[in-house]
Structure formats: structure tokens, C-alpha cells
Amino acid sequence: LNNQASAGTVVTASKNNFNDLIGSAEPVLVEFFAPWCGHCKKLAPEFETAASSLKGDNIKLASVDCTVEKEICEKHAIKGYPTLAVFRAGSEVTKYVGPREAASIVKFMKKQASPAVATLKGSDELKKLKEAEDVVVVGFFKDAKSEASTTFARLAEKLRTDHTFASMSEIPSNYKDGQVVLFKKFDEGEVAFTEALTVESLAKFVARESIPLTAEIGPENYAKYLDSGIPMAYFFYADEKQKEQFAPIVAAAAKSVKGKVNTVFINGGLYGQHAESLNL
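Residues numbered from 1 in each chain as written. Predicted model: local features only at pLDDT ≥ 70, side-chain atom pairs only at ≥ 80, totals over all residues. Heavy atoms only, no water.

Participant: Help me understand the sheet that holds strand β11 (residues 214-216) in this model?
Facilitator: Within a beta sheet, neighbouring strands are joined by backbone hydrogen bonds and run either parallel or antiparallel to one another. Pairing in this open sheet of 3 strands is parallel, and the strands run β11-β13-β12 from one edge to the other. Because the sheet does not close on itself, it has two edges, and the strands there are β11 and β12 (232-237). With direction set aside, neighbouring strand axes in the sheet form an average angle of 30°. Bridge analysis of β11 against strand β13 (residues 262-267) gives 3 bridges, and the strand direction is parallel. Note that in β13 the partner of A215 across the bridge is V264. Contacts from helix α10 (residues 240-256) reach β11, β12 and β13 within the one sheet, and its direction differs from that of β12 by about 155°. (Pairing = 2+ DSSP bridges. Helix = DSSP H or I, 4+ residues; strand = E, 2+ residues; numbered from the N terminus. Axes fitted to C-alpha atoms, helices over the stretch in contact; angles between N-to-C directions. Contact = heavy atoms within 4.5 Å.)

Printed below as a string of C-alpha cells:
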């Protein structure tokens, strides 16, 4: 028996209660596991700690033993263990692929349970949010029921796992009604969306502008670059001196292809094997 299934805080899901469990309007994080899986055993105490921490917020964590509940796992196309998936209103919303640690799971689920778009009142709240997040997308809408505001909310729901969204009806003098601005702690600091506002065009804008012009690539951000959907240009360097020498040239090149190619620095000493796989 998996430890977390018997601990009490994590809900043991089966064919008898699974549909009711994931049918909740509140998000539920479900772990699909197998008792023999070493990674699942390692996750178990962290998952239980996270479940205990989230109990006060009425956010549920559940587990499904795929060696017992084969029908459930087959229906949801579970290919490996553990698989962590968020469900809301009967449907899978997203996978959890972050660190398998209680603190990270708690933070992730609190964000899932929060409104997709935070409501800001005044410039002070905007300033605090900009200080707290590396990237935040803000829509300035006097009418919360306008078409632009509704489109913005739809995108926020779609991308809530990866980005922070907020809206303001009390619009500061340097912005205008219907405008969407992406604030970031790198490059130019902020950039306004200027195209016709649709979910698709706004999604491309956020994907493009939320990635630094140049950055160091490594295991922690590699997936983000792959998911951007555009090619990646690597600049392999031997040491920091060489990186500093070529940084201005690389930045200039990156600026000329922004939105078409993502440009990254990569340490050739640490990731030489990666260079070899690219025939370098």
C-alpha cells in the first residue's frame, strides 16, 4: 500500500469516487502512481505534507494506484509514474511538472485555486505585483465585461500555470483603456501589446516577450524554450571571459531576430555533450 494513500490527508481515489472528486469546481491535484515505483515512494512524504498544508485552503490532493485502478489510468493515458495532473470541473486542466517538493506543490496549487486574473486597485498594488513577479501581464479595462476584457480573461485561464495575469479598472495616466502591457524584470522592462486583440495573437505576444532577449540556458529553463515553438540559437562559450567578449554581438543579433529565434548562451564546458549531439 502506498504510504500517502493510507495517511488520510491525501484522498485515495478509485472508480467509486474518482468522477465525483475531479468534478469539483475547485482544482484537484491527482497523482497516478504504482507501488513499485521508486520516484513515487520518494514523492509520497512530500505529497502528504503538501496535502496537509493545503487542507485549510480546501484544496484536495488525491492518489490513484494504477496497478489497481487500471481503467482510470488507461482512460487518462498515463504512460509513466508518477504523473501529476490537475483536474477541474471534470476535465484535466494541466500537468504538474515542477519540483516534487511540498513547497513547490503548495505554491502551484494555490495559484491554480486563485482567480486566473488578479484584480488590482491602484498603482501601489501594481508596483508590488511587478516587484514580486519576473513577468506579469496586465490588462487595463474600465469595463470588466468588455470584449477585450473577456478575451484577456480567456487567455489568462489558458496560461495561468506559466504566467501571472492581472487587470485594473482604475487606469494610471500613462496607460489607456483596453491596453495590455507585459511587465518584466529584464530587457526593456515593459512592452505594450499593439496588435488586434485575440486569444491567439495575445498568446504569441506573451510567449515572445516573456523570454529574455539573451539568457543562460540550463536544465531549469530548457523546457520553457522548447515550448515556445520557435527555433533556438545557441552560443557555446568556453569561459566567462569569452562570454563577456561576445555578449554585445550576440545581443545585437538576437534583437534582429526577436520573436523568430530565441538566442541563448550555453556553457560548453558544462554541456559539451550537448554540443557533440549538434555535431559541434
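Participant: What am I meant to see in the nonpolar core here?
Facilitator: General note: in soluble globular proteins, nonpolar side chains tend to be found buried as a group. Judged by nonpolar contacts, the single largest core of 20 residues is most densely connected at F152, L155 and F165. At the level of elements, β7 (135-140), α7 (147-159), β9 (179-184) and α8 (199-209) are the ones that each hand at least two residues to this core. The element best represented in this core is α8, accounting for 5 residues. When residues no more than four places from it in sequence are discounted, the contact partners of F152 are V117, V137, V138, G139, F141, F165, A166, V180 and L202. If you look at the next biggest cluster of nonpolar residues, it comprises 17 residues, including V10, L43, L84 and A102. (Core = buried A, V, L, I, M, F, W, Y, C linked by side-chain atoms within 4.5 Å. Buried < 20%, exposed > 50% of the residue type's maximum accessible area, 1.4 Å probe, protein only.)

Participant: Please explain the environment of E188 as it appears in this structure.
Facilitator: Topologically, E188 is positioned in the loop between β9 and β10 (190-192). When its relative accessible area of 44% is taken as the criterion, E188 is described as partly exposed. Sequence separation between E188 and S114 is 74 residues; the distance between their C-alpha atoms is 29 Å. Engagement of the side chain of E188 in a polar contact is seen with the side chain of K258, the distance being 3.5 Å. (Polar contact = N/O pair within 3.5 Å; in protein donor to acceptor, adjacent residues only side chain to side chain.)

Participant: What is the right way to look at the state of the cysteines in this model?
Facilitator: Each disulfide is one covalent bond, formed between the sulfur atoms of two cysteines. Within the structure shown, the criterion is met by 1 disulfide. Here C66 engages in a disulfide with C73; their sulfurs sit 2.0 Å apart. Around the S-S axis, the bridge from C66 to C73 shows a dihedral of about -85° and counts as left-handed. Residue class for C73 comes out buried when judged on its relative accessible area of 6%. (Disulfide = S-S within 2.5 Å.)

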